Amino acid sequence: MAFESLTDKLQNVFKKLKGKGRLTEADVKVALKEVKMALLEADVNFKVVKQFTKSVQEKAIGQDVMNGLNPGQMVIKIVNDELVNLMGSETTELPIKPGMDLTVLMMVGLQGAGKTTTVAKLAGKLKSKGKRPLLVACDVYRPAAITQLQVNGEKQGVEVFSMGDKQNPVDIAKAAIEHAKSNQQNVVLIDTAGRLHIDEDMMQELEDIKANVDATVLVVDAMTGQDAVNVAQNFSDKVGIDGVILTKMDGDTRGGAALSIKAVTGKPIFYVGMGEKLSDLEQFYPERMASRILGMGDVMSLIEKVEASVDQEQAQEMQKKLKKMDFDFNDYLTSMEQMNKMGGISSILNMLPGMGGKMKDIEGMIDEKAMDRTKSIILSMTPQERSNPNILNISRKNRIARGAGVDITEVNRLVKQFEQSKKMMKQMPGLTGGKMNMGKRGGFKLPF
């Protein structure tokens, strides 16, 4: 996950501040020097870092902070507020027209940024909000670009408009807009061609297409750090953009792009890509991102993810079974599938307070492949065996192991873990008490 190193370093700085009963001006300056180095190492733009630390210092070195009851916490709050301001203060929505009014969005970016996949992700996101999107294949240069969009469009249940790779992209865009008007589709997403670098031909083609669009969205790879900011600046100057989507924010990236783009270009970040799945696109909330960076988690996003991924009736049924100690391997499998919908264990842990700087250590202990093997073992059981684990004798376990392609010791281990889980829950009735309430934010139970 992005920002892990930055989070770790900032937490160390703040730990020193909170350990002091009173703060001197010298204490604040030393701390901000460390913050400055941490931001630069995270590949944040130098000018942005300079302005950021100057602003924090001006607010931190004052009577209210220095003489406060908890000056360390007050400095942390100032840093948090300035991080939010840096990334845009408020969440910015895509400029989509209301109702059935047609909105045409042109998606631009360099080759390799994940633009085509992101276009399909965005289409799925808009569809879930009640829109009727149309994907348009205007990348006629990259081999298989059209096929890639068609495959992803089919997975999202969204139509893809294509005229092959022999037509002019400007003509394709115009025809797609007319097609959308005729078929009551209210959002057109144009997937334009990417290049390995910015060139005049590319920019001219984009300008020609832009004459027919309402807004331009730039897709940039967060893993390229300051290069992403430079790309954003170039597109902003030469074509004009209305906002940015950052991809690969789940990768081993320093995160400087997210902290620099708004300050450098003046354009907001609409969404961030948090994985390879077509559902892994999250709306960008500056205050939530600041909270993650400071190691305070992102509980609101976690709650939203649970609400979107967990079926209400299924969750209530699971709660009843847990109360009666009547759960079986079918429930085990359901819980695993729900967890995968939320991005897996690592994604969930990363949103919990205090986990940001520890994720590298924790991820080394999480074996995602082991979860896949567990799923294979359960799927190799008969419906009767899943519902009644007590009938699993040696011969049945051997058959299940062969079906799952694992050693019988893994089957035995899973059965033992399952039995231990039931025993533990019997000894801890508090785990199964209470009501499952997914409607109210602030109170919920994770499905595992």
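Our subject is the structure listed above.
Residues numbered from 1 in each chain as written. Predicted model: local features only at pLDDT ≥ 70, side-chain atom pairs only at ≥ 80, totals over all residues. Heavy atoms only, no water.

A. Here's a closer look at the overall build of the protein chain. Counting secondary structure elements, the protein chain contains 21 helices and 8 strands. Split into buried and exposed, the 448 residues of the protein chain put 50% on the buried side. Considering only contacts in the protein chain between residues 6 or more positions apart, those separated by 24 or more positions represent 74%. Only carbon and sulfur atoms are counted for the fraction: they give 49% of the accessible area of the protein chain, which is about 21,500 Å². (Helix = DSSP H or I, 4+ residues; strand = E, 2+ residues; numbered from the N terminus. Buried < 20%, exposed > 50% of the residue type's maximum accessible area, 1.4 Å probe, protein only. Contact = heavy atoms within 4.5 Å. Areas by Shrake-Rupley, 256 points an atom, 1.4 Å probe, with all protein chains shown as cover.)

B. The pattern of salt bridges, seen in detail. This model, assessed by the stated rule, comprises 15 salt bridges. Glu-82 is the salt-bridge partner of Lys-59, the closest N and O atoms lying 2.5 Å from each other. Residue Lys-59 is found in helix α3 (residues 46–60), and its partner Glu-82 is found in helix α5 (residues 71–87); the two are separated by 23 residues along the sequence. Judged by its relative accessible area of 46%, Lys-59 is partly exposed. Here Asp-221 and Lys-248 are joined by a salt bridge, their closest N and O atoms 3.2 Å apart. In this pair, Asp-221 is assigned in strand β5 (residues 215–221) and Lys-248 in the loop between β6 (243–247) and α11 (256–265), connecting sequence segments 27 residues apart. Several salt bridges converge on common partners, so that one network encompasses Glu-385, Arg-396 and Arg-399. (Salt bridge = Lys/Arg side-chain N within 4 Å of Asp/Glu carboxyl O.)

C. Quick look at the environment of Val-415. In this fold, Val-415 is placed in helix α21 (residues 408–427). Judged by relative accessible area, Val-415 falls into the buried class, the value being 5%. Residues Val-415 and Lys-397 lie 18 residues apart in sequence; the distance between their C-alpha atoms is 9.6 Å. If we ignore the near neighbours within four places in the chain, the residues touching Val-415 are Phe-329, Leu-392 and Lys-397.

D. Quick peek at the nonpolar core. Residues Phe-235, Leu-246 and Leu-259 are the most contacted members of the largest nonpolar core, which totals 76 residues. Counting residues per element, this core draws most heavily on α5, which supplies 8 residues. Setting aside residues up to four positions removed in sequence, Leu-259 forms contacts with Phe-3, Leu-6, Leu-39, Val-44, Val-48, Leu-83, Leu-86, Met-87 and Ile-293. Counting 23 residues, the second largest nonpolar core, distinct from the first, contains Val-119, Ile-146, Leu-149 and Ala-215. (Core = buried A, V, L, I, M, F, W, Y, C linked by side-chain atoms within 4.5 Å.)

E. Local environment of the packing of helix α1 (residues 4–18) against α5. Packing of α1 against α5 brings their axes to within 8 Å, and their N-to-C directions diverge by 145°. In this structure, α1 uses Phe-14, Leu-17 and Lys-18 to contact α5, whose residues at the interface are Gly-72, Gln-73, Val-75, Ile-76 and Val-79. (Axes fitted to C-alpha atoms, helices over the stretch in contact; angles between N-to-C directions.)

F. Region of interest: the packing of helix α6 (residues 115–128) against helix α7 (residues 145–156). Running from N to C, α6 and α7 point in directions that differ by 25°, and their axes come no closer than 9 Å. Here α6 lies roughly parallel to α7, going by the angle between them. The two elements α6 and α7 cross, and the hand of that crossing is right-handed. The residues of α7 that touch α6, namely those facing Thr-116, Thr-117, Val-119, Ala-120, Lys-121, Gly-124 and Lys-127, are Ala-145, Gln-148, Leu-149, Asn-152 and Gln-156. Of the residues in the contact of α6 with α7, the class split is 4 nonpolar, 6 polar and 2 charged. (Parallel < 35°, antiparallel > 145°, perpendicular 65-115°, else oblique. Left-handed = near helix turned anticlockwise from the far one by under 90°. Nonpolar A, V, L, I, M, F, W, Y, C, P; charged D, E, K, R; others polar.)

G. Structural view of unusual backbone geometry. Even without glycine at this site, Ala-144 takes up a positive phi of about 70°. With respect to the helices and strands, the residue Ala-144 is situated in the loop between β2 (133–137) and α7. The class for Ala-144 is exposed, based on a relative accessible area of 52%. A positive phi angle, near 60°, is found at Lys-248, a position not held by glycine. The exposure class assigned to Lys-248 is partly exposed, which follows from its relative accessible area of 30%.

H. Focus on the packing of aromatic side chains. Using the criterion set out here, one finds 1 aromatic pair in the structure. On the numbers, 4.3 Å between centres and 25° between planes, the contact of Phe-329 with Phe-418 is stacked. Remark: Phe-418 occurs in helix α21 and Phe-329 occurs in helix α15 (residues 329–341); sequence separation between them is 89 residues. The burial state of Phe-329 is the same as that of Phe-418; both residues are buried. Note that Arg-195 overlies the ring of Tyr-141, its terminal NZ or CZ placed 4.8 Å from the centroid. One residue, Arg-288, lies across the ring of Tyr-285, its end atom 3.7 Å from the ring centre. (Phe/Tyr/Trp six-rings, centres within 6.5 Å; stacked < 30°, edge-to-face > 60°. Lys NZ or Arg CZ within 6 Å of the ring centre and 35° of its normal.)

I. View of the pairing of strand β4 (residues 187–191). Summarising burial for β4: 5 of the 5 residues are buried, a large majority. Direction of pairing for strand β1 (residues 103–108) relative to β4: parallel, over a ladder of 5 bridges. Across the sheet, residue Leu-105 finds its bridge partner in β4, namely Leu-189. Pairing geometry for β2 and β4, over 5 bridges, is parallel. Its bridge partner lying in β4, Val-136 is registered against Ile-190. (Pairing = 2+ DSSP bridges.)

J. Structural view of the sheet that holds β5. Strand order in the open sheet made by the 8 strands is β3-β2-β4-β1-β5-β6-β7-β8, with mixed pairing throughout. Where the open sheet ends on each side, the last strands, each with one partner, are β3 (160–161) and β8 (281–283). The pairing of strand β7 (residues 269–273) with β8 spans 3 bridges and is antiparallel. Bridge assignment links Gly-273 to a residue of β8, and that residue is Leu-281. Sitting on the sheet, helix α8 (residues 169–182) is in contact with β1, β2, β3 and β4, with an inclination near 160° to β2.

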